[in-house]
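Geometric and topological summary
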Number of protein chains: 4
Amino acid sequence: MKLDDFQSCIDACNACAMACDNCAASCLREEDVKMMARCIALDMDCSQVCRLAAGVMARASENAAAVCRLCAVLCRACAEECGKHQMDHCQQCAAACRRCAEECERMASASQ
Amino acid sequence: MKLDDFQSCIDACNACAMACDNCAASCLREEDVKMMARCIALDMDCSQVCRLAAGVMARASENAAAVCRLCAVLCRACAEECGKHQMDHCQQCAAACRRCAEECERMASASQ
Amino acid sequence: MKLDDFQSCIDACNACAMACDNCAASCLREEDVKMMARCIALDMDCSQVCRLAAGVMARASENAAAVCRLCAVLCRACAEECGKHQMDHCQQCAAACRRCAEECERMASASQ
Amino acid sequence: MKLDDFQSCIDACNACAMACDNCAASCLREEDVKMMARCIALDMDCSQVCRLAAGVMARASENAAAVCRLCAVLCRACAEECGKHQMDHCQQCAAACRRCAEECERMASASQ
């Protein structure tokens, strides 16, 4: 694979990482932070694995498929939790996570 | 510089990253999470820059001093906030941050 | 500052991280890898600090200016080295690094 | 699980990340860098996933087992390549990768 083949998945990973970081920080500014604790924890994991995935794809690494497979799993978990909350930052994060999961699942399958 | 010269600073960075990640997650499990919001936010930044610093030192990078200088600044900020809270995870984190700041400041000066 | 204020700098950091990772991996596939050794080493540092900066900005962290200041320094160093090599991946990386440095310098000044 | 349960695996991840970063940088200083290209590429991936794993475990994240499972896979791949080269940094890296893979596999199983 070459960089062009990875581009849409890299974009989705970067968008998801940003949405997760924004959601985590915004959750910390909510009135009831306690209710958002699991959301914040999953946001942290998800943003970090998205950045790892963006990097291995940008390097066209032989590990890209394996990392994307994990990334999809963490994105699904984060999307599910964020989707429960009605704040804009949570809903936007859930959408970005779902889109990233789809891209990563596609990438993981294509690379097999 | 060689890896041996960096070892005690790398160890301090790894210990600090772990203390910050543990503190962030433990703060999220506290009864009054809202009070811990700034602590959690600074923990996130600090653990990430500590891992970056550990990596550039392990690569004996020419950028090691510059990264250590930033790491020390973020460690000082985190130590100051964590030090205000009496929970064990906060006090341990504050101590790890102070120790890491000292090591990073020493490293940044030695490399000039 | 809010997320919108950071957007163009985050985009530049993501683009730079991708260009650096692509450049590092492409350098490793060149015939004369030895000539590219410093380029690869600086690419590694630069991509990692760019992802750190993207994250702290996405969290609208109080540390954003300090991290952007370091990011600009590492981008300038990487741009200078990459700019010496005529391969497309190096020239594209040098351009992405310069653009990211400008955005990060602007961000660091604006936040003071 | 609590932080103490993760400690030996976190230590192995930190040691492996350091060995990989040191190996990558040392490979770049070898006379025949081209022969080391795959080793360097795998070192980069491995050090990054090790630091991600150390972080999720330090946060006692519900994603810890999944991340450790991926970490073990990347460690095995890196150990196999590094093991082919006789330089000290490669042999030390291969040993650190194998030890980290064992710890991560144990962690992934224990958490199921």
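For the structure, see preceding data.
First things first, this report covers the structure right here in the doc.

Conventions and cut-offs
- Residues numbered from 1 in each chain as written.
- Chains lettered and ligands numbered in written order.
- Predicted model: local features only at pLDDT ≥ 70, side-chain atom pairs only at ≥ 80, totals over all residues.
- Heavy atoms only, no water.
- Helix = DSSP H or I, 4+ residues; strand = E, 2+ residues; numbered from the N terminus.
- Rg over C-alpha atoms; globule rule 2.2 N^0.38 Å.
- Lys, Arg positive; Asp, Glu negative; His and termini not counted.
- Charge placed at Lys NZ, Arg CZ, Asp CG, Glu CD.
- Contact = heavy atoms within 4.5 Å.
- Buried area = accessible area lost by both parts, 1.4 Å probe.
- Salt bridge = Lys/Arg side-chain N within 4 Å of Asp/Glu carboxyl O.
- Axes fitted to C-alpha atoms, helices over the stretch in contact; angles between N-to-C directions.
- Parallel < 35°, antiparallel > 145°, perpendicular 65-115°, else oblique.
- Least-squares fit on C-alpha atoms with pLDDT ≥ 70 in both.
- Expected span 1.5 Å × (residues − 1).
- Buried < 20%, exposed > 50% of the residue type's maximum accessible area, 1.4 Å probe, protein only.
- Polar contact = N/O pair within 3.5 Å; in protein donor to acceptor, adjacent residues only side chain to side chain.
- Nonpolar A, V, L, I, M, F, W, Y, C, P; charged D, E, K, R; others polar.

Helix and strand counts for chain A come out as four helices and zero strands. Counting from the amino terminus, chain A carries its helices and strands in the arrangement α-α-α-α. Since a compact globule built from 112 residues should have a radius of gyration of about 13 Å, the 14 Å found for chain A is in line with a globular shape. Referenced to the eigenvectors of the C-alpha coordinate spread, the extents of chain A come out at roughly 45 × 20 × 15 Å. Between the mean site of the 12 positive side-chain charges and the mean site of the 16 negative ones, chain A shows a separation of 3 Å.

The next subject is the interface of chain C and chain A. Contacts between the two partners involve 15 residues from chain C and, on the opposite side, 15 residues from chain A. Surface buried jointly by chain C and chain A totals about 1,400 Å² across both partners, of which 58% is contributed by carbon and sulfur atoms. Looking at the side of chain C facing chain A, the largest losses of area belong to Met-18, Arg-51 and Arg-59 of chain C, adding up to 39% of the total buried there. Counting across the interface, chain C meets chain A through two salt bridges. Residues Arg-59 of chain C and Asp-21 of chain A are paired through a salt bridge, measuring 2.8 Å at the closest nitrogen-oxygen approach. Every element with two or more residues in the side of chain C that touches chain A is listed here: helix 1 (3-28) and helix 2 (37-58) of chain C. The greatest single-element share of the side of chain C that touches chain A, amounting to eight residues, is contributed by helix 1 of chain C.

Moving on to the environment of Cys-27 of chain D. Residue and element names in this part refer to chain D. Tracing the backbone shows Cys-27 in helix 1 (residues 3-28). For the pair formed by Cys-27 and Ala-101, sequence separation is 74 residues and the distance between their alpha carbons is 22 Å. When neighbours within four sequence positions are excluded, Cys-27 is seen to be in contact with Val-33, Met-36, Cys-39, Ile-40, His-89 and Cys-90.

Once that is clear, we can look at the packing of helix 3 (residues 64-82) of chain B against helix 3 (residues 64-82) of chain C. At a minimum axis separation of 10 Å, helix 3 of chain B and helix 3 of chain C run at an interaxial angle of 175 degrees. By the criterion of interaxial angle, the relationship of helix 3 of chain B to helix 3 of chain C is roughly antiparallel. Counted together, Ala-66, Val-67, Leu-70 and Leu-74 of chain B of helix 3 of chain B and Ala-66, Val-67, Leu-70 and Leu-74 of chain C of helix 3 of chain C form the full contact between these two elements.

Let's shift gears to the relation of the copies chain C and chain A. If you rotate chain C by 180 degrees and push it 0.0 Å along the axis, it lands on chain A with an RMSD of 0.0 Å. In short, the pair behaves as if placed about a two-fold rotation axis.

Here helix 4 (residues 88-110) of chain C is 23 residues long and its end C-alpha atoms lie 33 Å apart, about the 33 Å a rise of 1.5 Å per residue gives. Restricting attention to buried positions, one finds in helix 4 of chain C the residues His-89, Cys-90, Cys-93, Ala-94, Ala-96, Cys-97, Cys-100, Ala-101, Glu-103, Cys-104, Met-107 and Ala-108 of chain C.

All names here are of chain D. Here Ala-72 is to be found in helix 3 (residues 64-82). Using a relative accessible area of 3% as the deciding quantity, one classes Ala-72 as buried. For the pair Ala-72 and Leu-52, spaced 20 residues apart in the sequence, the C-alpha separation amounts to 12 Å. Beyond its immediate stretch of four places on either side in the chain, Ala-72 contacts Ala-101, Cys-104 and Glu-105.

This part covers the side chain of Asn-14 of chain D. Among the structural elements, Asn-14 of chain D can be located in helix 1. Excluding residues within four positions of it along the chain, Asn-14 of chain D makes contact with Asn-14 and Arg-51 of chain B together with Ala-54 of chain D.

Further remarks concern unusual backbone geometry. Residue and element names in this part refer to chain A. For Ala-60, which is not glycine, the phi torsion reads 50 degrees and is therefore positive. You can see Ala-60 is positioned in the loop between helix 2 (37-58) and helix 3 (64-82). Taking relative accessible area as the criterion, Ala-60 reaches 23% and is therefore assigned partly exposed.

Further remarks concern the interface of chain D and chain A. Contact residues are listed per partner, giving 16 residues for chain D and 16 residues for chain A. The interface formed by chain D and chain A holds four salt bridges in total. With a closest N to O distance of 2.9 Å, Glu-62 of chain D and Arg-38 of chain A form a salt bridge. Here chain D is connected to chain A by eight residue pairs in polar contact (both at pLDDT 80 or more). Counting residues per element, the ones that place at least two in the side of chain D that touches chain A are helix 2 (37-58) and helix 3 of chain D. Examining the composition of the side of chain D that touches chain A, we find that eight residues originate from one element, helix 2 of chain D, more than from any other. In terms of residue class, the side of chain D that touches chain A is built from nine nonpolar, three polar and four charged.

Any functional reading would require information that these geometric values do not contain.
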